[in-house]
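The primary structure of each chain is shown beneath.
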Amino acid sequence: MLLLLLALQEVQRIPFPDERLPVFGLAWFAEDKPTLRRLPERLKESFRKPVWDLAQHPSGGRIRFRTDSLKVGLTAQSDPSAMHHMPSVGQNGFDCYVDGEYVNSAWPDAKGKIVKTWDVGSARKLRDITLYLPLYKAASIQEVTLEIGARLESPSPFALPKPVVHYGSSITQGGCASNAGASCQAFVSRWLNVDFVNLGFSGNGMGEPALAAAIAEIDAACYVLDFWGNPSPEAYEAALPPFVDVLRKKRPATPIVVTSPFYFPGEALGGGLAQAQKRKREFARAFVDGRKDPTITFVDGLEMLSREQAAGLVDGIHANTLGFWFNAKGLEPHLRKALGLAK
């Protein structure tokens, strides 16, 4: 018994949730905790079932804190991976970043259990720790551990007090990044030092009013509308204007960024895909130009991934980690300007 008690005292155990382990990127966590999901329980009946099911994947969720511990441990649970075109660690793994730099990942065993300890430094000093949550599987966290006597403080502040909210399809959700911290949104947010909320829903980013109403609840620094991937051209043209109208009614001055399709290799063959992509690009540009609203920005998707960057795709549609880096590089200057951040 004595040996067991000594073993339990070897680390500082912090059961989750705990106010000392603040959660970012899950806009309704405060009302639904400890569940790690992306939409609120009270609005469940307003969403289609596939959207609600995908909301259980905590893509974009992060735990952030500062500590002088040389080791950070995590005990968690995540569902098994299932997709052939996305690495399992991106689907159900956690990433550990230290002072904005990637360190290592953790992933579940055959039973879904995650027990991981990361070495995060060699000298005793305060460091910012960010634990990115899985992109494509539900997850729960039991505890975070630090060394005995280690300090635990609030994370360093972001450049802005409000998050950037991204709405879209599987591409927005993070398919098919190799790691939880390798989505487009994660890259660009680290570069700009801003918080973000990921509301991409795989195969279900259709621009429906219920999502617009939920997103408008979030007092954001900017809304990025990236949902061109799922609707047909006709459905996209019908959905985008009222979606923006809902946001504008609740948030009349919040900047909005509208992206258009990035390059799909199938476009080189001509035919229906090329026509659909072209039509969506032209509509998104014309829509933004027609609004004559200086707070709405158009971003040509070909700036986010061009024909020359097609190696950044895993299946001709979804980005791999390189592709998301390209996406982020193309989006970054436009988002920086929309947010009023200096270069």
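What you see is a predicted model, and the numbers here were worked out from it, not measured in a lab.

*Asks:* Give a detailed account of the overall build of the protein, specifying residues and quantitative values.
*Replies:* Scanning the protein for helices and strands turns up ten helices and 15 strands. Taking 343 residues into account, the globule formula puts the C-alpha radius of gyration at 20 Å, and the protein, at 20 Å, falls close to it. Judged by the C-alpha coordinates and their principal axes, the protein covers about 70 × 45 × 40 Å. In the protein, buried positions account for 56% of the 343 residues. Here the analysis covers contacts within the protein between residues at least 6 apart in sequence; of these, 77% occur between residues at least 24 apart. Carbon and sulfur atoms form 56% of the exposed surface of the protein, whose accessible area is close to 14,600 Å². Here the protein contributes 39 positively and 36 negatively charged side chains, and the mean placements of these two sets differ by 2 Å.

*Asks:* Outline the packing of aromatic side chains, listing residues and values.
*Replies:* Following the criterion strictly, the structure yields 17 aromatic pairs and no others. Here the aromatic rings of W191 and W325 are separated by 6.2 Å at their centres, their planes lie at 80 degrees, and the arrangement is edge-to-face. With W191 in helix 6 (residues 184-192) and W325 in helix 10 (residues 321-339), the pair connects residues that are 134 residues apart, well separated along the chain. When the centroid spacing of 6.0 Å and the interplanar angle of 65 degrees are considered together, the rings of W325 and F326 count as edge-to-face. W325 sits in the partly exposed class, given a relative accessible area of 35%. Note on F326: relative accessible area 17%, which makes it buried. One aromatic cluster is present, formed by Y167, F227, Y236, F243, F283 and F287 through successive ring pairs. Against the face of F24 rests R64, its NZ or CZ located 4.8 Å from the ring centre. Positioned above the aromatic ring of W191, the side-chain terminus of K329 is 4.7 Å from the ring centre.

*Asks:* Quick one: what's the story with the sheet that holds strand 12 (residues 196-200), residue by residue and with numbers?
*Replies:* Overall, parallel pairing links the five strands, which are arranged 12-11-13-14-15 in an open sheet. Among the strands making up the open sheet, the edge pair consists of strand 12 and strand 15 (296-299). The average angle at which neighbouring strand axes cross in this sheet is 15 degrees, direction not considered. By the bridge criterion, five bridges tie strand 11 (residues 164-168) to strand 13 (residues 222-226) in an arrangement that is parallel. Directly across from V164, in strand 13, lies its bridge partner C222. Taken strand by strand, helix 9 (residues 271-291) contacts strand 14 (256-259) and strand 15, and its axis lies near 155 degrees from that of strand 15.

*Asks:* An account of the packing of helix 6 against helix 10 is requested, with residue identities and associated values reported.
*Replies:* At a minimum axis separation of 8 Å, helix 6 and helix 10 run at an interaxial angle of 45 degrees. In terms of orientation, helix 6 and helix 10 fall into the oblique class. As helix 6 packs across helix 10, the resulting crossing turns out to be right-handed. Taken together, the residues of helix 10 that come into contact with helix 6 (itself represented by C184, F187, V188, W191 and L192) are T321, F324, W325, N327, A328, K329, L331, E332, L335, R336 and L339. A class-by-class count of the residues in the contact of helix 6 with helix 10 yields eleven nonpolar, two polar and three charged.

*Asks:* Outline the pattern of salt bridges, supporting the account with residue identities and numerical values.
*Replies:* Counting across every chain of the model gives 23 salt bridges. Two residues, E208 and R48, come together in a salt bridge whose shortest N-O distance is 3.0 Å. Highlighted residues: E208 in the loop between strand 12 and helix 7 (209-216) and R48 in the loop between helix 2 (29-32) and helix 3 (49-54), separated in sequence by 160 residues. The exposure class of E208 is buried, given its relative accessible area of 14%. What makes R48 partly exposed here is its relative accessible area of 34%.

Criteria and cut-off values
- Residue positions are counted from 1 within each chain, in the order its sequence is given.
- For a predicted model such as this one, the threshold for reporting local features is a pLDDT of at least 70, and the threshold for listing and counting side-chain atom pairs is 80 or more; totals across whole chains, interfaces and linings nevertheless cover every residue.
- With hydrogens and water excluded, all non-hydrogen atoms of the structure serve as input to the side-chain values.
- By the criteria applied, helices consist of DSSP H or I runs no shorter than four residues and strands consist of E runs no shorter than two, each listed in order from the N terminus.
- Radius of gyration here uses only the C-alpha atoms, and the compact-globule reference equals 2.2 Å multiplied by the residue count raised to the power 0.38.
- To sort residues, take the accessible area from a 1.4 Å probe on protein chains only and compare it with the maximum for the residue type: under 20% means buried, over 50% means exposed, and anything in between is partly exposed.
- A contact between two residues is defined here by any heavy atoms of the two lying within 4.5 Å.
- Areas reported here follow the Shrake-Rupley algorithm with a probe of radius 1.4 Å; residue values treat only the protein chains shown as occluding.
- When charges are counted, Lys and Arg are positive and Asp and Glu negative, with His and the chain ends excluded.
- Taken as the charge location is NZ of Lys, CZ of Arg, CG of Asp or CD of Glu.
- We call Phe, Tyr and Trp rings a pair once their centres come within 6.5 Å, taking the six-membered ring for Trp, and we label the pair stacked below 30 degrees between planes, edge-to-face above 60, and tilted otherwise.
- Distance and angle both matter: a charge sits over a ring if NZ of Lys or CZ of Arg is within 6 Å of the ring centre and within 35 degrees of the ring normal.
- DSSP bridges decide pairing: two strands pair if at least two such bridges lie between them.
- Interaxial angle, 0 to 180 degrees, is taken between N-to-C directions of lines fitted to C-alpha atoms, where a helix line uses only the stretch in contact.
- For classification, angles of less than 35 degrees are called roughly parallel, those exceeding 145 degrees roughly antiparallel, those between 65 and 115 degrees roughly perpendicular, and all remaining angles oblique.
- Helix crossings fall into two classes, left-handed where the near helix is turned counterclockwise from the far one by less than a right angle and right-handed where it is turned clockwise.
- Ten residue types, Ala, Val, Leu, Ile, Met, Phe, Trp, Tyr, Cys and Pro, are classed as nonpolar, four, Asp, Glu, Lys and Arg, as charged, and the remainder, Gly among them, as polar.
- The salt bridge criterion pairs a side-chain nitrogen of Lys or Arg with a carboxyl oxygen of Asp or Glu, the two atoms within 4 Å.

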